[in-house]
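Chain by chain, the residues run as shown.
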Amino acid sequence: MFRNYLKTAFRSLRKNKLYSAINIFGLTVGLAACLLIGVYINHELSYDRFNVNAGRIVRATMEYKFSGTVNTTATTGTKVGPQFKRIFPAIEEYVRTFISHNVVKSGDKIFDEPGILYADPAFFSIFSFPLVEGSISTALDAPDKIVLSQSMAKKYFGREDAINKTFTIGKKSLRVSAVCADIPQNSQLKFDFVTQFLNLGNSVKDEVYWNANWITYFLLRDQKSLPQLQKQVAEYMSTPQLRAEVRIENKDDYLAIHLEPLTKVHLYSSLAGFEPNGNIKYIYIFSAIALLILIIACANYTNLATAQSASRGAEIGMRKVMGASKPQVFRQFIGESCVITFIAAVLAFALSILLLPYFNNVSGKQFTADVMFRPVPIIALVTLSLLVSFLAGLYPAVILSGTKILNVLKKGFSFTGGRNLLRKSLIVAQFGISVFLIIYTVIIMQQMHYMQTKNLGYDKDRVVVLPIGGSMVQNFKTLKEAFEQVRGVEGVTASYETPEYVEWGDGITAIDEKGKHEVSLKAMPVDLDFIKTMKMQLVAGRDFVQSDFALMDTSNNYTNFQQPYIINEALANKIGWTPQQAIGRSISKGYSGPVVGVVKNFNFSSLHDPIGPLLIFLGRDFSRDYMVRINGTDMQSTLSRLEMVWKQRITDRPFNYHFLDEDYNKLYLSEQRSSSLFTVAASLAIVLACLGLFGLAAFTTVQRTKEIGIRRVLGANIGSITMLVAKNFLGLVAIAIFIAIPLAWWAGNKWLQDFAYRIPMQAYIFIATAMITALIALATVGFHAMRAALLNPVKSLRTE
């Protein structure tokens, strides 16, 4: 019996090549999209869960309030880790971490490595990064030890044993104590080297709650103790002794430490750590997209299978006359559905592997083909295929198996007659989903374009960022002057952080005739020419000049030291000054000094956040990066000349650079990837919907060939016949558009609310999408209608 069902199924496929191809193509694309998106979602949900202690690891974050301003950060001071371990029995161990770049030397090999992790000795006891050589207990038990990844061991030593080999990082000589396996992709901690946290220098040896630059993790004795521990931490941070230690005087101000489960950080935390976080919202959205694409593919199958039944009435009737029961007919058509879905599943699996490189570009991941052969994707594909086989084939099988013999033999199975509610509903659903995805995608793309082209208050283009380190610190001024002499360079400055994302949290005090003003803000130490090089606009006062260094008198134990400041408009407004009133006023950030300039507000954080108060102060010694603005006439030649100057004057580190706009773009990686995925999804949705409509229109036209021939004989023109066939389909598309537009407006508006700076919702997006969708549908249906109308009516009638 099964063999007979199989033969019948393949015979039906060969007989109806067009519809079979549409069904197989649609299901293949739908299943492949689900498979790839499923792999991505599974990867995101698995973040950090490879750690044996994942359930017991928490990350400490800091929240503080000063002068009515609340700030949050993923970093803490050096004291949080050791102090909490001492006073809270629920904490078994802690580790403070910091990732930095530095020059690494081994023999004649020298590289500027970006992935150097500084961590406390308990690091490998808390996290599950397996060592392929060495021991966990001794890997970081001394300050002269370093652990490197397998990739780094191969890079520096080839096939030689790396253990006990020596490295020089900066000026410190370190000995390889262990080699760890390469870090998995689904880890928020990605590194190439690990050495002791205290190797960062004197700045981390004192235990303080402020100077929060370090990410701290705790290992709990019992993961169930987290709620109680969080309560105890909150009580401890509000004690008078602690408030006095951190110098909090105002009763409304506070310093709080929050604990986040490690497995929740990547998708649920708003505070990024060592890499940009994902977002659980996008996981839900991508899941919905995969489901919607699959629904469209299933709708195609259901519609076309029901339509094809019109030509299979005699076959069904004869089977029933020959004794076939209703369950047997039902199994036959479910079997056909299974055959089509099985073929589509095999093709989808192959297509997924072929599309992995493209999917990696879109998603920002590095999946390899072996990920598709793991149990989860294969089981998911088999389960999904069985589910699709049953759901897509259920309605046609029920309808066809339930047809009465006499009705079929006398009238055939009617497809065009009656009010086929399900068929119409499926067409509405297909195009409704397509219109929704198109509008939503356009909104995301427009917001992304707005973020790329928005006037940020400074010019991020053509700015080369050069890291400062080693001997460069002592030769800072001469190097800057040498870079300025390079042909093609328009300006050179330096700063602690690049201006696209300022993280330095601080506070100032200002006293005027209205009293004392305390403001919590972001601060930015810079060198001379910062405002000019970044092409920022001063609304009052001036930029820093060479004579300002004379104010910074360090003699007599800083007795006469004055720090010159530039503030932004938001800070002036926060204090209650106009830009002109601020010039010459004195403010204090540890050291008092005059405000010499007020800069026009610029975006120094993500566009998700409004512009807040910012303090810019002259602090050459804090500089970590040169920023070199070059002209756009011959950038490659200018970079080559910069490299030549670098190699002549800097022999202890390689020439490494990147552009400032690359740093800016990294702020929106999540949105960029979402935009790409939505574009692909919307394209697939409209293609599949039109493909289904193409098949239905073809079948409808064939069934109405005789009617069209008669109308042509009676004088109907091609236009009227085209609209005759198309009007029912276009009516359904119109209903889909009217349903999808308000839903897309609501969803797009809700997504835009996450941005402080966003585009307005433009009506033309909705109108244009509706018109384009209607035209595509008309073209799809009109092709078959015109083809039928152009046939010789005599031939059409004779054929019928």
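Residues numbered from 1 in each chain as written. Predicted model: local features only at pLDDT ≥ 70, side-chain atom pairs only at ≥ 80, totals over all residues. Heavy atoms only, no water.

What follows concerns the nonpolar core. Core analysis: the largest hydrophobic core is formed by 122 residues, its most contacted members being Phe286, Phe431, Phe530 and Ile616. Examining the composition of this core, we find that 15 residues originate from one element, helix α2 (residues 17-45), more than from any other. Ignoring anything within four residues of it in the chain, the contact list for Phe286 reads Ile37, Tyr40, Ile41, Ser674, Leu677 and Phe678. Among the nonpolar cores identified, the runner-up in size contains 25 residues, and Ala60, Met62, Phe84 and Tyr236 belong to it. (Core = buried A, V, L, I, M, F, W, Y, C linked by side-chain atoms within 4.5 Å. Buried < 20%, exposed > 50% of the residue type's maximum accessible area, 1.4 Å probe, protein only. Helix = DSSP H or I, 4+ residues; strand = E, 2+ residues; numbered from the N terminus. Contact = heavy atoms within 4.5 Å.)

Let's shift gears to the pattern of salt bridges. Under the defined criterion, the tally for this structure stands at 25 salt bridges. Among the ionic pairs, Arg462 bridges to Glu490, the shortest N-O distance being 3.9 Å. A residue pair is termed long-range when its members are at least 10 positions apart, and Arg462 in the loop between α14 (421-453) and β12 (463-467) and Glu490 in strand β13 (residues 489-495) qualify at 28 residues. Residue classification places Arg462 among the partly exposed residues on the basis of a relative accessible area of 24%. Connected via shared salt-bridge partners are Lys480, Asp527, Asp529, Lys532 and Arg620. (Salt bridge = Lys/Arg side-chain N within 4 Å of Asp/Glu carboxyl O.)

Let's shift gears to the packing of aromatic side chains. Counting across every chain of the model gives 46 aromatic pairs. With centroids separated by 5.6 Å and ring planes inclined at 75 degrees, the aromatic side chains of Phe123 and Phe191 adopt a geometry described as edge-to-face. Here the residue Phe123 occupies a position in helix α4 (residues 123-126), and Phe191 occupies one in the loop between β8 (172-180) and β9 (193-196), the gap between them amounting to 68 residues. For the ring pair Phe127 and Tyr217, a centre distance of 5.2 Å and an interplane angle of 90 degrees mean the geometry is edge-to-face. You can see Phe127 sitting in the loop between α4 and β5 (131-133) and its partner Tyr217 sitting in strand β10 (residues 215-220), a full 90 residues away along the chain. (Phe/Tyr/Trp six-rings, centres within 6.5 Å; stacked < 30°, edge-to-face > 60°.)

On to the pairing of strand β20 (residues 614-618), then. Among the five residues of β20, five are classified as buried, and the element is accordingly described as predominantly covered. Side chains Leu614, Ile616 and Leu618 project from β20 onto one buried face, and the interleaved Leu615 and Phe617 project onto a second face that is buried too. Pairing between strand β15 (residues 515-526) and β20: five bridges, direction parallel. Bridge pairing links Met524 to Ile616 in β20. (Pairing = 2+ DSSP bridges.)

A few words now on the state of the cysteines. For the coordinates displayed, the defined rule picks out zero disulfides. Free of any disulfide, Cys338 has its nearest cysteine sulfur in Cys298, 12 Å distant. Free cysteine Cys690: the closest other cysteine sulfur is in Cys298, separated by 18 Å. Given the relative accessible area of 10%, Cys690 is considered buried. (Disulfide = S-S within 2.5 Å.)

Attention now moves to the packing of α14 against helix α26 (residues 763-789). Describing two packed helices takes the angle between their axes plus the distance from one axis to the other. Orientation of α14 relative to α26, taken along the N-to-C sense of each, is 140 degrees, at an axis distance of 10 Å. Between α14 and α26, the crossing angle belongs to the class labelled oblique. For the pair α14 and α26, the crossing hand works out as right-handed. Each of Phe431, Val435, Ile438, Ile439, Val442, Ile443 and Gln446 in α14 lies in contact with α26, whose residues at this interface are Tyr764, Ile765, Phe766, Thr769, Thr773 and Ala777. Among the residues making up the contact of α14 with α26, the classes are represented as 10 nonpolar, three polar and no charged. (Axes fitted to C-alpha atoms, helices over the stretch in contact; angles between N-to-C directions. Parallel < 35°, antiparallel > 145°, perpendicular 65-115°, else oblique. Left-handed = near helix turned anticlockwise from the far one by under 90°. Nonpolar A, V, L, I, M, F, W, Y, C, P; charged D, E, K, R; others polar.)

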